[in-house]
Amino acid sequence: MTEPWQRLPALSLKQLQYFVTLAQLRHFTDTANRLAISQPALSSALRQTEAVLGGKLVNRTASAVTLTELGRRYFPMPSGY
């Protein structure tokens, strides 16, 4: 398996920003508002990021967004989140 950082150049800075902001805020609407984009654009960017990184990064429910194991590998949550 390729090391995670060896696939990062295939991502744009915008895709990284979207994922990091979503991981921090844990809410699609809040993230889209913060980034001044639509929710469908955020979802599309996340799907593209997941395709590059090789798996699902977040679990999404009606009330919460949590990081998957793969998501936590790319964005380890500091204490307090």
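It should be noted that the structure appears before, not after, this text.
Keep in mind that this is a model prediction, so the values were computed, not measured.

Undergrad: What's the story with helix α3 (residues 39–53) in this structure? I'm lost.
TA: Residue pairs spaced three or four apart in an α-helix point in one direction, given the helix's 3.6 residues per turn. Across its 15 residues, α3 extends 21 Å between first and last C-alpha, which sits within 8% of the 21 Å expected from 1.5 Å per residue. The set of residues buried in α3 consists of L42, S43, A45, L46, T49, E50 and L53. End-on, the buried residues of α3 take up no more than an arc of 165°, which puts them together on one face. Across from the buried face of α3, at angles greater than 90 degrees, the exposed residues are P40, R47 and A51. Looking at the buried positions of α3, the neighbouring elements they touch are α1 (13–25), α2 (28–35), β1 (58–60) and α4 (69–74). The backbone nitrogen of A41 lies 3.1 Å from a side-chain oxygen of the residue at the head of α3, namely S38. Downstream of α3 by a residue or two, G54 has a phi angle that is positive, lying close to 90°.

Undergrad: Got a minute to help me understand the packing of aromatic side chains in this structure?
TA: With the rule as written, the count across this model stands at 1 aromatic pair. Relative to F75, the ring of F19 lies with its centre 6.4 Å away and its plane at 80°, an arrangement referred to as edge-to-face. Of the two residues, F19 is situated in helix α1 and F75 in the segment after α4; the sequence distance between them amounts to 56 residues. Across the pair, exposure class does not vary: F19 and F75 are buried alike. Of note, R60 hangs over the ring of F28, and the distance from its end group to the ring centre comes to 3.8 Å.

Undergrad: Looking at this structure, I do not really get the nonpolar core. What am I missing?
TA: When a protein is soluble and globular, its nonpolar side chains tend to lie buried together. By size, the foremost hydrophobic cluster in this structure holds 20 residues, and its most contacted members are F19, F28, L46, L57 and V58. Of all the secondary-structure elements, those providing two or more residues to this core are α1, α2, α3, β2 (65–67) and α4. Non-local contacts of F28, meaning those with residues more than four positions away in its chain, are made with L22, Q39, L42, S43, L46, V58, R60 and V65.

Undergrad: Teacher, can you tell me more about the packing of α1 against α3 here?
TA: The description of two packed helices rests on the angle between their axes and on the distance between the axes. Look at α1 against α3: their axes get within 9 Å of each other, and the N-to-C directions meet at 105°. Judged on the interaxial angle alone, α3 and α1 are roughly perpendicular. Together, Q15, Y18, F19 and L22 of α1 and L42, A45, L46, Q48 and T49 of α3 make up the contact between the two elements. The residue inventory of the contact of α1 with α3, partitioned by class, reads 6 nonpolar, 3 polar and no charged.

Conventions used here
- Residues numbered from 1 in each chain as written.
- Predicted model: local features only at pLDDT ≥ 70, side-chain atom pairs only at ≥ 80, totals over all residues.
- Heavy atoms only, no water.
- Helix = DSSP H or I, 4+ residues; strand = E, 2+ residues; numbered from the N terminus.
- Expected span 1.5 Å × (residues − 1).
- Buried < 20%, exposed > 50% of the residue type's maximum accessible area, 1.4 Å probe, protein only.
- Arc of directions from axis to C-beta.
- Contact = heavy atoms within 4.5 Å.
- Polar contact = N/O pair within 3.5 Å; in protein donor to acceptor, adjacent residues only side chain to side chain.
- Phe/Tyr/Trp six-rings, centres within 6.5 Å; stacked < 30°, edge-to-face > 60°.
- Lys NZ or Arg CZ within 6 Å of the ring centre and 35° of its normal.
- Core = buried A, V, L, I, M, F, W, Y, C linked by side-chain atoms within 4.5 Å.
- Axes fitted to C-alpha atoms, helices over the stretch in contact; angles between N-to-C directions.
- Parallel < 35°, antiparallel > 145°, perpendicular 65-115°, else oblique.
- Nonpolar A, V, L, I, M, F, W, Y, C, P; charged D, E, K, R; others polar.

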